[in-house]
Amino acid sequence: MAEAAGAFVTRAFERMLKDSAGRKYSDLQKALKVYLDRSKNPEKPSSPLSSKVQPGKSGSQDDRLLAETSGSEGDQSSMEGTLQTHLMLVRSPNHSVPESNTGLSAASKLSVAGHTLEGSEADLVLLPLRLAFETKQPRLVESALDCLHKLISYEHLDGDAGLEGGQNSATATEILNMVCACADSNAIDSTILQVLKVLLTAVASSKFRVHGECLLSSIRTCYNIVLTSKSVINQATSKATLTQMISIVLKRMESEAEVERIEDERQLSQASGGSNEDSKQLGSGTRLEDDVVSNPDADSASDFSQVPEVSLPQRVSVSVEELQHLAGDADIKGLEAALVKAVHPGGKKAPEALDLENLTLAERDALLVFRTLCKMAMKEGSDDVVNKTKMLSLEILQGLLESVNHSFTVNFHFIDSVKAYLCYALLRACVSSMASIFELATGIFTVLLLRFRESLKAEIGVFFPLIVLRSLDSTDSPLHQRIAVLRMLEKVCKDPQMLADVFVNYDCDLQAINLFEHMVSSLSRMAQGTLNTDPSNIALAQNVSLKASSLQCLVNILKSLVDWTVTQQHTGLMVGKSVSLGGGQYMQWSSAEDGSETMNAKDEMQADQFEKAKAHKSTLEAAVVEFNRSPAKGIEYLLTNRLAEHKPASIAQFLLTTPGLHKSMIGDYLGQHEEFPLAVMHAYVDALDFKGMKFDNAIREFLKGFRLPGEAQKIDRIMEKFAERYCCDSPGLFKNADAAYVLAYAVIMLNTDAHNSMVWPKMSKADFIRINSGSELEESAPREMLEDIYDSIVKDEITLKDDSQPLGKGSWQKPDTEERSRLVSILNLGLPRRKASVDTKKESEAIVKQTQALFKKGVVKRGIFYKAKQMELVRPMLEAVGWPLLAAFSVTIEDSGSRPQVLLCMEGFRLGIQLTESLCMDTMRYAFLTSLVRFTFLHAPKEMRSKNVEALRTLLALGENKPEALQDTWNAVLECVSRLEYITSNSSITVNVMQGSNQVSRDALVQSLNELTGKPTEQVFINSVKLPSDAIVEFFTALCGVSAEELKQTPPRVFSLQKLVEISYYNMARIRMVWARIWQVLSQHFVFAGSHQDEKIAMYAIDSLRQLGIKYLERAELANFTFQNDILKPFVVLIRNSQNATIRALIVDCVVQMIRSKVGSIKSGWRTVFMIFKAAACDTTESIVEIAFENMEQVMLEHFDQVVGDCFLDCVHCLIAFANNKSYPRISLKSIALLRICEDRLAEGLIPGGASKPIEITDNGTDGVAEHYWFPMLVGLSELTCDPRMEVRNCALEVLFDLLKERGHMFSPSFWENVFHDVLFPIFDQVRNAGKGSQKSEAADIWLHETCIHSLQLLCNLFSTFYKEVSFILPSLLGLLLDCATRPDQTLASISVGALVHLTKVGGHLFDEKDWSTLVESIRDACYTTQPVELLNSTN
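Fair warning: this is a prediction, and the values are worked out from it, not measured in the lab.

Scoring rules and cut-offs
- Residues numbered from 1 in each chain as written.
- Predicted model: local features only at pLDDT ≥ 70, side-chain atom pairs only at ≥ 80, totals over all residues.
- Heavy atoms only, no water.
- Helix = DSSP H or I, 4+ residues; strand = E, 2+ residues; numbered from the N terminus.
- Buried < 20%, exposed > 50% of the residue type's maximum accessible area, 1.4 Å probe, protein only.
- Contact = heavy atoms within 4.5 Å.
- Areas by Shrake-Rupley, 256 points an atom, 1.4 Å probe, with all protein chains shown as cover.
- Core = buried A, V, L, I, M, F, W, Y, C linked by side-chain atoms within 4.5 Å.
- Phe/Tyr/Trp six-rings, centres within 6.5 Å; stacked < 30°, edge-to-face > 60°.
- Lys NZ or Arg CZ within 6 Å of the ring centre and 35° of its normal.
- pLDDT = per-residue confidence, 0-100.
- Salt bridge = Lys/Arg side-chain N within 4 Å of Asp/Glu carboxyl O.
- Axes fitted to C-alpha atoms, helices over the stretch in contact; angles between N-to-C directions.
- Parallel < 35°, antiparallel > 145°, perpendicular 65-115°, else oblique.
- Left-handed = near helix turned anticlockwise from the far one by under 90°.
- Nonpolar A, V, L, I, M, F, W, Y, C, P; charged D, E, K, R; others polar.
- Expected span 1.5 Å × (residues − 1).
- Disulfide = S-S within 2.5 Å.
- Patch = residues over 30% accessible without salt bridge, like charges linked within 9 Å, V, L, I, M, F, W, Y side chains within 5 Å.

Attention now moves to the overall build of the chain. From N to C terminus, the chain includes 64 helices and six strands. Within the span of the chain, comprising 1436 residues, buried residues form 52% of the whole. Put simply, of all contacts in the chain between residues at least 6 apart along the chain, 72% involve residues at least 24 apart. Carbon and sulfur atoms make up 52% of the accessible area of the chain, which amounts to about 62,700 Å² in all.

Pasting the structure below:
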C-alpha cells in the first residue's frame, strides 16, 4: 500500500500518454513525458532554454520544465507560453523552486502514503492533470480524475480550497473548480462517477481541506447531477455522496466543538486550584438544568413562577384559525410575517446574513451548507427542476437534523441558523400543494419536535397548528396532507417525553394554544369519521385508512402516558408514596439524582405550579365559553372563580386582553345600561390610547375590539364615551365633545352607507360635511378634516365583523342577511359586504397586521422551556383528553367492523382503564369499563359480531391481568361471564348467534365464544386471590348479585353459585377480618339459595355451604372467638325457615358430617350445632329427629369435654328440646337421662370442657356460676313435670327432685329461693289455675290424680331435708298448700291437706315456735276461708 499512489500515478500517466497519442494534445503529451522521464532519469541535463528564459540565473526548475517540453524550433515559443501559464497558476507568488531533481523527489514522495507534494513537485504532477481536464476527452478526464482521487486519498496534496489566505489556497481552489467543471452536461456517466468520487474524497480529506465557496460548489455539483442526470445510478450515487459530504461537514463541526468543550473544562479545572468544593460549585454553576432550557433570546424567568389569580393574559398568540386561513391562501408573505411576530415579539426578524466572524472554520462551513440547503428549499417557481431541488434540499435537511449531535440541538449558533433559514423554508414547504414536499415538511417538523423543541418553543407553537392542526381540522385539506400528518403523529406520539413537554409548555401556558388537547380532539373527530360527511370526496378505502391512522395515534398517546407513569415509577425519579390530593390518588415523588431536600421541594413545587397553571387556564377558558353564551353569566363566573377583581378596570382588562371572546358579546355587554356594566364600558374606553391618531383611525382602532350592538341607546352610550375619550387625548381639535360625538355617529353612518349595497342613494361628500357642520360653524370640525375622513371611509371600509373566526361563522353568529336587516333598521348600521375571492390577499394581510399588533402589545416570555418529569402531569393530561379518546373508541367500534380498527379500539380501552385505575380517576375509569361491557352484546346474541367477541376478550383479559381496575364494575363483568356461559351451554341460543351472517362466520364466532368460556373465564375467578381486601369484598358482592339473578331465571342456573364456592376456596386463606366481611355477604346469599323453591337448587346450595363449612373448620380457632359460629349460622336459619323435610334432613346430615369429620376442630361452632339439633328436635319428621338425637347423644357421650363455656347451656337447651318432643317418648326419656349426665358433670365442680374451674358459692348471697349453669337445667326439668306423657313427667319429676336432693347442699339460700319460686312452685300452676275456669281440662285432671300427690310429697320431703337452708320458704310453701286446699275441687283440697299433714309429720319436729305460729295462723286463715258461711247463716 505504501507504493500504491506512486505506481498508480505512473501507470495512469503512461495510459494517458498512450490515449493522447495521435491527437492534438501536444502540451499534455510533453507534460506527461517530462514527469515520466524525470521519474525514470533524474540526471538528465537542463536545456538551453533555461538560460533563455531566465538569464542571469543558473536556471530554475520552471525554466527547465519549459525547455524540456520544447520539441522543435517551430513550436518553441508557443510551448513556452502555454507551460509558463500553467506554472504560474500553481505557483505561489514568492515560491522558489529548488534546482534539485524534482521528478525524482516527487516520485519518491508518491511512493509513501502521507508524504505531501510541495512546490514544484506538486506542479510537476498537477500540470498533466490540468491539461487532461482541458481536453474534455472522457478517457483522459477519467484518468486524470482517478489520479487526483489517489493523490488526495493518500494525502499527497495539502491545501485549503476556498479559504482566502489558506495554505496553497489558489492551487487547491483551482483543482476543485476544475473537478466540478468536469461534471457538465456533456459528461458521460463514468466521468460523473469519477467526479463524485473525487469530490467526496476531497471533502473527507484531512489535508486537502474544502471550505467556503468551494464546498458550496461541490454541493451544487452534486445537486446538478441529481437533478439533471438521466442515469439512475448516477442520481443515487450523487445523492449518497451529497449526504455523506454534509454529514462529514457536521461531524467535523461536532468534533471541533467537543475538543473545545474538553479544553474549557480543563481550564475551569485548573482555575479552580484543585479544590473539590470549588470544582463542584463551578460544575453546578455551569450545568444545564434538566427541566428548564433557556433560549438565547430569553428575556425573563419562568412563566409559571406563580399562578395569577387576578391578572389576565395578554393577547399575544396567533390563533389557529388565522394561521390556517393564511395557509389556505398560500400567503407566504403573510405567514412569514406572522412567524416573525410570533418568534420575535419586538418585530425584528433574524438577520439574513450570519455573523461568521465569531465562528470557527468548521462552524462556518456547516452553517454555510445549512443556509445553502435552506435557500435551495425556498426556491421560487413551479417547474420540475425547482420542485426536485426543493425536495432534495428538504430531504437532506431532514437527514442533517436527524444526524446532528444532541449538543447542537441547543447550540446557539446552530439554533440561530435554524431560526433564520430553516423555519422559513419549512414555512413555504408546509403550504405547498405538492404531496412530496408537504410530506418532507412533516418529516422535518417531526425532527424539530422530537429533538429541537427545547430551543424552538415559539416556532413550534406556530408550526404545530399550521402543519398538524390545520390538516386535521380542515375539511378541505387534501388527502395527502392528512396522511402525512397522521404518519408523523404516529411516530411522535410514541414519545412520552415529547407529549408531556408539549402539554407543560403549551397547554399549561395561559398565553399559548392547547396543542395537546386540540390535537387529541381533532384525532378523535377524524377517528369518528365526523370530518368528512360526503363519501364522494374520498374513496371508502382512503377514509378507512385515515380513521385507522387516527386510532393508531390515539392508542400511541395512551401507550405513551402509560409508559410515562411506569418509567417515572421505576427509574428512581419518583418515590411511590400515595397521597390524597384533589379527590384522587397521586404519587408523591422526589428526584433520585439529587437527594437533597431542596431539590425535592423545588420539584414538588414546580409540579404543583404546572397543575395550578393548567387548572387556571381551564377555568379561564370556561369563563370565555360562558361569556360567549351570556356576558352577564360569564362575568359572574369570572368573579366567582376569582379570575378578576370586582372592579370595572379589572373586567375591562379581561375584555381587552382575553382571546376567544366573541366581539358581538363584548359589544352587547358594553352597551348595557346597568351601573356596573356601564362603569366597565367607561373603564374599557379609558384604557385605550388615541393620542396622535386621526379621527377615522381612532374609530377604526376603537371598533377592533368589539362589534357595535344593535340597539340605538347602546350605540349612543358607547359613542358618547368614545367622543369624550378622544377629546381628552386630542385637546384643541374639537371645541367640545358634542362635535366629536356627532362626527363619530356620522362616520358610522357613512361607513354603512358607502359599503352597504342595500342602501341607495349614496351619501355624497357634501352631504357628509353638511351633517357635521350644524348651526354653529365654530363648533364643527374643520372642513379639510371632514373631507379627509370622508375619502378615507369611502376608500377603506371600517370592518365591524368579528375577526376571531375567519374560516367561518361561529354558532353564535346570525346569518348575514338577518344581521344586515337588523342593523339597517337601527341607525342604518350595516355589516361589510362578502369578500370576493380577489379580496383574499387583502384579508390575509389584515390578519397578519392584527397578529403583529397583538404581539407588539404583549410582553411575552418566550425563552423558557420546561422539561416535564413529574408523573402527576399524566392526570391533567388525561383529564383534558380522556373523553375525546373514549368517544373515538366507542364510535369506531360501534360503526366499524374492520378487525384492525377494532383491535386498536380494544387496546385503547385497555390502556385507558389501566391508566385511569392507576391515577384513581374513578369516573373516567367507570365510563371506559361500562362502554366496553356494553360492546360485548351478550345481552343480544343475535346481533353479536366478531368485534363484540373482541370486546369480551379484552374484558376477560382485564379480569385476568388487571383485576384491581374493575372495582365497582365487577357486577357488569361477572354478568357478562354468566351470559357467556349461558350462551355457550345452550344450543338453542347458539344456533341463533350472529343472525344474517353465513354459517362459516357463525361457526367461527361460536368457536371463539367457546374458547373464551374456558381458560380466560376461569382466570377471572382464579385471579381473585390477587385482589386487595376491599376489592375482593366487591367481587363477592357482585358475584352473589349475579348468582341471585341466575336463580330467579326459568329454569334457574347455578353457574355463579358454583363459582362462589370455588373462589371461596381460593380466598379461604385471607385474614379473619376480611373473610368475616366476605362471609357476611356469602351467608345471606346461601340462605337465599338454600331457600329456593327448586329442591335441587336448595340442596346444591346447602351442600356447597357444607363444603365451605368443613373447609373453614380446618382452620384452628382460639378461645373466645366466635367465627365458627358465624360460619354455621346459615344452617340454623335454613332449618328454621324451610318447609321441606328433605331440605331439613339434608341440613342435619350436613351438620352430622361436619361433626364426624371435624369434631376435634369445633370450638364456638358447637353453639350453632346445638341450635340446629334443637330445631331438629322440634321437627315432626321422625327420621330427622332420630338422626339429630343420635348424633346429639354421641356428642354427649363421646365428646362432652369439647362442649366448652357457654356452649354447655346450648347443649342443655337442646336436650330439653328433645325431651319436649311429644311424638317420641323414648327420645324424651333419653334426653332426660342425658340431662342427668350434664348434672353429674356440673356437680363435680367443673365447667364442662377444657380447664378445671370450681364453682364458687359466694357468701354475699350472689349465685354466680352456680345459678348460671344449674338454673336452665332445673327450669327445663320443671317444665317436663307437666308433660302429658306420664312416664316422661314422672321421670322428669324424679330426676328433678333427686338432683335437688343430691346437690342442694351446694346451693346458696338465694339460689334456693329462686329454685322454689321459679322451678318448684310453677309445677303446680296448672292445678292451682284449673279451678278458676268454667271447666277443668282433662290434662289437669290426669296430672292431679297421677302426679300431684307425689309431687307435693317430694316437695315437702325436700323442704324438710334442707330445712335449715330453706326455712324462710315455709310461709310460701304453706301458702301453696293452703291455696290448693281452699280450692273447690275436693280432690285437690284433700291432696293438699294430706300434703300439709305430711309436711307436719316429716318436718314438724324441726319447727321452732315461730314456724308453728306461722303454721297455725295459716291453717286458721284457711279455715276461715273455707267456712260454710251461707250454711251457718241459714241455720241461724
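Turning next to the nonpolar core. The biggest cluster of nonpolar side chains holds 348 residues, and the ones touching the most others in it are Phe-414, Leu-489, Met-519 and Leu-1320. Among the elements that line this core, the one with the most residues is helix α18 (residues 412-430), at 13 residues. When neighbours within four sequence positions are excluded, Leu-1320 is seen to be in contact with Leu-1296, Phe-1297, Leu-1300, Val-1315, Leu-1355 and Leu-1358. Within the second largest apolar cluster, 58 residues are counted, among which are Ala-623, Tyr-669, Leu-688 and Ile-769.

A few words on the packing of aromatic side chains. Summed over all chains, the structure comprises 31 aromatic pairs. Within the aromatic cluster, the residues linked to one another by ring pairs are Tyr-684, Phe-690, Phe-695, Phe-702, Phe-706, Phe-722, Tyr-726 and Phe-734. The ring of Phe-935 is capped by Arg-934, whose NZ or CZ atom sits 4.5 Å from the centre of that ring.

Within the secondary structure layout, Leu-394 lies in helix α17 (residues 384-403). When the C-alpha atoms of Leu-394 and Leu-373 are compared, they prove to be 7.6 Å apart, with 21 residues separating the residues in sequence.

Moving on, we get to the confidence of the model for the chain. Summing up the model confidence of the chain, the mean pLDDT is 74 and the portion of residues at 70 or higher is 74%. Under a pLDDT of 50 for its full length, residues 345-353 has, in the predicted model, 17 contacts with residues more than four places off or in other chains. Segment residues 1248-1264 is flagged for pLDDT under 50; beyond a separation of four residues in sequence, or across chains, it makes 32 contacts in the model.

Here the structure, examined in full by the defined rule, presents 43 salt bridges. In this structure, the salt-bridge partner of Lys-239 is Glu-395, at a minimum N-O distance of 3.6 Å. Placement of the pair is Lys-239 in helix α12 (residues 232-271) and Glu-395 in helix α17, with a sequence separation of 156 residues. Residue classification places Lys-239 among the partly exposed positions, given a relative accessible area of 31%. Exposure remark for Glu-395: the relative accessible area of 37% places this residue in the partly exposed category.

Axis separation between helix α40 (residues 946-961) and helix α41 (residues 970-985) bottoms out at 11 Å; the angle between their running directions is 120°. When the axes of α40 and α41 are compared, the pair comes out oblique. Along this stretch, α40 crosses α41, giving a crossing that reads as left-handed. Between α40, through Leu-952, Leu-955, Leu-956 and Gly-959, and α41, the contact on the second element is made entirely by Trp-970, Val-973, Cys-976, Val-977 and Leu-980. Looking at the contact of α40 with α41 residue by residue, the class counts come to eight nonpolar, one polar and no charged.

Right, let's talk about the side chain of Thr-135 for a bit. Topologically, Thr-135 is positioned in helix α7 (residues 120-135). Judged by relative accessible area, which is 14%, Thr-135 ranks as buried. When neighbours within four sequence positions are excluded, Thr-135 is seen to be in contact with Tyr-25, Leu-28, Leu-140 and Val-141.

The next point concerns helix α53 (residues 1207-1219). The end-to-end C-alpha distance of α53 is 18 Å, a good match for the 18 Å that 13 residues give at a rise of 1.5 Å each. With twelve of 13 residues buried, α53 is to be regarded as a mostly interior element.

This paragraph deals with the environment of Gly-443. In this fold, Gly-443 is placed in helix α19 (residues 435-451). Residues Gly-443 and Leu-394, 49 residues apart in the sequence, show an inter-C-alpha distance of 8.9 Å.

The next subject is the packing of α40 against helix α44 (residues 1015-1022). It is at 8 Å that the axes of α40 and α44 come closest, and there the two elements cross at 35°. Handedness of the α40/α44 crossing: left-handed. Packed against α40, whose contacting residues are Leu-956, Gly-959 and Glu-960, the element α44 presents Pro-1016, Thr-1017, Gln-1019 and Val-1020 at the interface.

Moving on, we come to the state of the cysteines. Counted by the stated rule, this structure contains zero disulfides. Lacking any disulfide linkage, Cys-180 is separated from the closest cysteine sulfur, that of Cys-214, by 7.6 Å.

On the surface, Ile-1022, Val-1025, Tyr-1065 and Tyr-1066 cluster together into a nonpolar patch covering about 310 Å² of accessible area. Mapped onto the elements, Val-1025 comes out in the loop between α44 and α45 (1029-1048). Judged by its relative accessible area of 40%, Val-1025 falls in the partly exposed class.

Taking 1.5 Å of rise per residue, 13 residues should cover 18 Å, and helix α39 (residues 922-934) covers 18 Å from first to last C-alpha, within 8% of that figure. For α39, every residue scored as buried is listed here: Met-924, Arg-925, Ala-927, Phe-928, Leu-929, Ser-931, Leu-932 and Val-933. Each element contacted by the buried residues of α39 is listed here: α37 (874-895), α38 (899-918), α40 and α41.

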